[in-house]
Amino acid sequence: MNKPQINEDAQNGHTHANPKETISFNGKNYSQTFFDDFNGTNLNSKNWERCPEWQRQDAGGYWKNSCSFLEDGNLVIEAKIDNGTPISGAIRSKGKFEQTHGLYKIRFKAEKASGLWYAFWLMSDKVSNIGNGAKDGGEIDIFEILPNDPWQTAGKKTYLNSAVHWDGYGSSHKSHGSQFFIQDDFYNQWHEVTFEWTPEYYKAYLDNNEKPFWDSTKEGAAAWGGIVESKNYMKITAEFGKWGGPIDKTALPARLYVDWVKVYKAE
């Protein structure tokens, strides 16, 4: 497939956006601000770092550095059981690339496994600010791929979840979400998601669909705490939790493959 013009250190997977590259989307012109195609052997330290090896969620799982790596020109985010402990990969662009508003594009392929979910999301350290809704800082989940939601009928619903969280994660926490149901043929196939974040709305598109699977204008910005105005960094993660249903060890290890990530800013 055709890719933007870049300067590349193949050994380290270093890629730099061509600032002259522009695209048109929904009647607006955008210039590229970030590009990584995950070629090479090592994660590009100019773009990403591995997330701290924290315990995550409510299934006793941990993020582990060993579960995020490059393979055959892709980023691999792996989820598996290690000596009885669920572990998974996570990377972020914190302190390396952060942006307010723009287009965020990702090409990926996900393997199906119960007990976990994969996510491409944006985070701000200001998410803990209380008051003023999400405007002064929020978590923006562009999508979370949920292979199995046990809270849905018969525990067989699988969907893309998009959400915004604000006012911290304690007693003042607020959130709002949107679900887009998918079929089994979604998995093990390459897909592209384009996320449009403007001062007025969020919209996310899957593959070549003209209709967004997430459209904040349907309910209005107020339902989402207002539109986030802070700079956010990117995260690509997998994690185990009760929200993902019972862990199916027979389906593990499971992987999220990412071919590339591109970000653009409105001119």
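Cut-off values and rules
Residues numbered from 1 in each chain as written. Predicted model: local features only at pLDDT ≥ 70, side-chain atom pairs only at ≥ 80, totals over all residues. Heavy atoms only, no water. Salt bridge = Lys/Arg side-chain N within 4 Å of Asp/Glu carboxyl O. Helix = DSSP H or I, 4+ residues; strand = E, 2+ residues; numbered from the N terminus. Buried < 20%, exposed > 50% of the residue type's maximum accessible area, 1.4 Å probe, protein only. Contact = heavy atoms within 4.5 Å. Phe/Tyr/Trp six-rings, centres within 6.5 Å; stacked < 30°, edge-to-face > 60°. Lys NZ or Arg CZ within 6 Å of the ring centre and 35° of its normal. Pairing = 2+ DSSP bridges.

**Quick word on the pattern of salt bridges**
Consideration 1: Using the criterion set out here, one finds nine salt bridges in the structure.
Consideration 2: Two residues, Lys 112 and Asp 184, come together in a salt bridge whose shortest N-O distance is 2.5 Å. Taken as a pair, Lys 112 in the loop between β13 (102-110) and β14 (116-123) and Asp 184 in the loop between β17 (174-181) and β18 (191-197) lie far apart in primary sequence, 72 residues in all.
Consideration 3: According to the relative accessible area criterion, Lys 112 is partly exposed, its value standing at 36%.
Consideration 4: Three or more residues are tied together by salt bridges with common partners; here these are Glu 71, Glu 78, Lys 80 and Arg 255.

**With respect to unusual backbone geometry**
Note: most residues except glycine have negative phi, and most peptide bonds are trans.
Consideration 1: Looking along the chain, the bond that leaves Leu 252 and enters Pro 253 is cis, with omega of 0 degrees.
Consideration 2: Mapped onto the fold, Pro 253 is located in the loop between β21 (232-240) and β22 (254-266).
Consideration 3: Of note, the phi angle at Asp 167 is positive, near 60 degrees, even though the residue is not glycine.
Consideration 4: Tracing the backbone through its elements, the reader meets Asp 167 in the loop between β16 (157-166) and β17.

**Here's the deal with the environment of Trp 190**
Consideration 1: With respect to the secondary-structure elements, Trp 190 resides in the loop between β17 and β18.
Consideration 2: For Trp 190, a relative accessible area of 29% corresponds to the partly exposed category.
Consideration 3: Sequence spacing of Trp 190 and Ala 110 is 80 residues, and the spatial spacing of their C-alpha atoms is 8.0 Å.
Consideration 4: Not counting residues within four places of it along the chain, the set of residues in contact with Trp 190 comprises Asn 74, Arg 107, Phe 108, Lys 109, Asp 207, Tyr 257, Val 258 and Asp 259.

**Topic: the packing of aromatic side chains**
Consideration 1: Tallied over the entire structure, the rule returns 18 aromatic pairs.
Consideration 2: Between Phe 195 and Tyr 202, the aromatic rings sit 6.0 Å apart at their centres with planes inclined by 20 degrees, giving stacked as the arrangement.
Consideration 3: Relative accessible area serves as the criterion here: at 0%, Phe 195 is assigned to the buried category.
Consideration 4: The class of Tyr 202 is buried, set by a relative accessible area of 0%.
Consideration 5: The rings of Tyr 104, Phe 195, Trp 197, Tyr 202, Trp 214 and Trp 224 are connected pair by pair, giving a single aromatic cluster.
Consideration 6: Directly above the ring of Tyr 257 sits Lys 109, whose terminal nitrogen or CZ lies 5.3 Å from the centroid.
Consideration 7: Lying across the ring of Trp 260, Lys 262 places its NZ or CZ 4.1 Å from the centre.

**Focus on the environment of Thr 41**
Consideration 1: Considering the arrangement of structural elements, one finds Thr 41 in the loop between β4 (28-36) and β5 (49-50).
Consideration 2: For the pair formed by Thr 41 and Leu 70, sequence separation is 29 residues and the distance between their alpha carbons is 5.8 Å.

**A closer look at the pairing of β4**
Consideration 1: Strand direction decides the pairing type here: strand β3 (residues 22-25) and β4, joined by four bridges, are antiparallel. Counterpart to Ile 23 in the pairing with β4 is Tyr 30.
Consideration 2: What sits between β3 and β4 in their antiparallel hairpin is a turn of two residues, with Asn 26 showing a positive phi close to 50 degrees.
Consideration 3: Here β4 pairs with β22 via six bridges, running antiparallel. Note that in β22 the partner of Asp 36 across the bridge is Val 261.

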